[in-house]
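Fold and contact review
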Amino acid sequence: MSTMTPEQATWFAQTFDRLVTNVGQAVLGKAHVVRLTLTCMLSEGHILLEDAPGTGKTSLARALAASVQGTNNRIQFTPDLLPSDVTGVTIYDQKTAKFEFHQGPIFASIVLADEINRASPKTQSALLEVMEEGRVTVDGVGHDVGRPFMVIATQNPIEQAGTYRLPEAQLDRFLMKASIGYPDHASTVEILSGASVRDRSKTLQPLITTQAVTEMAELGARVHVDGAVLEYVSRLAEETRNAPEVRVGVSVRGALALVRCAKVWAAAHGRNYVLPDDIKDLAQPTWAHRLVLDPEAEFAGATNEAVLGRLLADVAAPQERRSA
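Residues numbered from 1 in each chain as written. Predicted model: local features only at pLDDT ≥ 70, side-chain atom pairs only at ≥ 80, totals over all residues. Heavy atoms only, no water.

The protein chain has the name MoxR family ATPase in an unreviewed UniProt entry, where Cellulosimicrobium composti is given as its organism.

Below you can see the structure in the form of structure tokens.
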């Protein structure tokens, strides 16, 4: 597979910035989170947003779908939600004397899985399976969900009654975990001044087709990663496993996830090669949720973000090499 050319990197960055600006019209003052979410989509992964209610998680999903001319569905997770409510169900048609598959809401370009931790582990597993495989199997028959396909899952950190915490092994299925947070003062005033517009994402115009999104994802995968940068990622992953506060460190899947994201992040900045700084920029959103801390260390005040921050400061990064 040939490396992305500088011209292609320039086009990629320009298109990426246009998408960020477009989505930013619906999610005001949150350019960094929008960039992370787009990076996740073009890395063909899924993102988990842990945030308080009313911070714009649904708006982000709708604005993203509108910008890429894609479909979007929202699934409200509840304790009584069944796996078939997510994936779909096979129904017998008396007219044709055949079983027909009726697609569930998971069949969309962008799926908002709202309050995922409210559903039972069985239903969570159904969602996580299709996230990993890109297809749904019902009654032994496989159904592809198509490309692009991205799940934006949310969970509410302040209300834990009646919730089922995602197991660490399932958290590992999410390429990134991030938080939108509340808008700054100026953005809040702008949102309030447009209070008559209930859904800003409906005013957005599509910039590119879903086919173009798939092509951008394939282009991003062709960004060059120097061997020294790969060694740096490997050393960081090893250090997370050796850290005294950590019970379970970053897996090989986690290391691969960071490299995939760094390629798209580099292309989004107009480069056809990855820098060590790209790794540093994305280590927290890509790796923090994958660490399992020792309970005693956690009780003493250690956090995943602090442990990662220390390791990023301690492990020497390679010198920049701009060869592609």
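So, the packing of aromatic side chains
Following the criterion strictly, the structure yields three aromatic pairs and no others. Taken together, a centroid distance of 5.8 Å and an interplanar angle of 65° make the contact between Phe101 and Phe107 edge-to-face. Note that Arg271 overlies the ring of Tyr273, its terminal NZ or CZ placed 5.8 Å from the centroid. (Phe/Tyr/Trp six-rings, centres within 6.5 Å; stacked < 30°, edge-to-face > 60°. Lys NZ or Arg CZ within 6 Å of the ring centre and 35° of its normal.)

A word on the nonpolar core
In this structure, Phe12, Met41, Ile152, Ile279 and Trp287 are the most contacted members of the largest nonpolar core, which totals 67 residues. Residue contributions to this core peak at 11 residues, all from helix α10 (residues 252-268). If sequence neighbours within four positions are ignored, Ile152 has contacts with Thr37, Ile47, Leu49, Ala61, Leu64, Ile110, Val111, Leu112 and Ala113. Counting 25 residues, the second largest nonpolar core, distinct from the first, contains Ile75, Leu81, Val151 and Ala153. (Core = buried A, V, L, I, M, F, W, Y, C linked by side-chain atoms within 4.5 Å. Buried < 20%, exposed > 50% of the residue type's maximum accessible area, 1.4 Å probe, protein only. Helix = DSSP H or I, 4+ residues; strand = E, 2+ residues; numbered from the N terminus. Contact = heavy atoms within 4.5 Å.)

Quick word on the packing of helix α1 (residues 6-24) against helix α2 (residues 31-42)
Two numbers describe a pair of packed helices, the interaxial angle and the distance between the axes. Contact geometry for α1 and α2: axes closest at 10 Å, N-to-C directions at 125°. Classified by the angle between their axes, α1 and α2 sit oblique to one another. The handedness of the crossing between α1 and α2 is right-handed. The residues of α2 that touch α1, namely those facing Phe12, Phe16, Asp17, Leu19, Val20 and Val23, are Ala31, Val34, Arg35, Leu38, Thr39 and Leu42. Considering only residue class, the contact of α1 with α2 consists of nine nonpolar, one polar and two charged. (Axes fitted to C-alpha atoms, helices over the stretch in contact; angles between N-to-C directions. Parallel < 35°, antiparallel > 145°, perpendicular 65-115°, else oblique. Left-handed = near helix turned anticlockwise from the far one by under 90°. Nonpolar A, V, L, I, M, F, W, Y, C, P; charged D, E, K, R; others polar.)

Some remarks on the pattern of salt bridges
Scanning the entire structure with this criterion turns up 15 salt bridges. Between Glu44 and Arg147 there is a salt bridge, with its nearest N and O atoms 2.8 Å apart. You can see Glu44 sitting in the loop between α2 and β1 (47-50) and its partner Arg147 sitting in the loop between β7 (141-144) and β8 (150-155), a full 103 residues away along the chain. In this structure, the salt-bridge partner of Lys177 is Glu50, at a minimum N-O distance of 3.5 Å. Residue Lys177 is found in strand β9 (residues 176-178), and its partner Glu50 is found in strand β1; the two are separated by 127 residues along the sequence. Overall, the relative accessible area of 26% leaves Lys177 in the partly exposed class. One salt-bridge network, held together by shared partners, links Glu132, Asp172, Arg173, Arg253 and Arg290. (Salt bridge = Lys/Arg side-chain N within 4 Å of Asp/Glu carboxyl O.)

What about unusual backbone geometry?
Omega for the peptide link from Arg147 to Pro148 comes to -5°, which places this bond in the cis form. Relative to the assigned elements, Pro148 resides in the loop between β7 and β8. Phi is positive for Glu44, close to 55°, though the residue is something other than glycine. Residue classification places Glu44 among the partly exposed positions, given a relative accessible area of 40%.

What to know about the UniProt feature "domain: ChlI/MoxR AAA lid" (unreviewed entry) in the protein chain
Those places that UniProt annotates as "domain: ChlI/MoxR AAA lid" (unreviewed entry) correspond, in this numbering, to residues 239-308. Secondary structure content for residues 239-308 is 61% helix and 7% strand, while the C-alpha to C-alpha distance between its ends is 9 Å. (UniProt positions renumbered as here; feature names shortened; annotations may be inferred.)

Here's the deal with the sheet that holds β1
Taken together, five strands build an open sheet; the order of strands is β2-β5-β8-β1-β9 and the sheet is parallel. The open sheet has two free edges, formed respectively by β2 (72-76) and β9, since each of these has just one partner strand. Averaged over neighbouring strand pairs, the angle between their axes works out to 20° when direction is ignored. (Pairing = 2+ DSSP bridges.)

Points about the environment of Arg290
Assignment of secondary structure puts Arg290 in the loop between α11 (276-287) and β11 (292-293). By relative accessible area, which is 7% here, Arg290 ends up buried. The sequence separation of Arg290 and Leu64 amounts to 226 residues, and the corresponding C-alpha distance is 25 Å. In contact with Arg290, other than residues within four places in its own chain, are Asp172, Phe174, Leu175, Val248, Gly249, Gly254 and Ala257. Polar contacts involving the side chain of Arg290 include one to the main-chain carbonyl oxygen of Phe174, which spans 3.0 Å. A distance of 2.6 Å separates a polar atom in the side chain of Arg290 from the backbone oxygen of Thr286. (Polar contact = N/O pair within 3.5 Å; in protein donor to acceptor, adjacent residues only side chain to side chain.)

Notes on the environment of Gln205
In this fold, Gln205 is placed in the loop between α7 (185-193) and α8 (210-220). Residues Gln205 and Asp277, spaced 72 residues apart in sequence, show a C-alpha to C-alpha distance of 33 Å. In this view, Gln205 contacts Asn22, Ala66 and Ser67; residues no more than four positions away in its chain are not counted.

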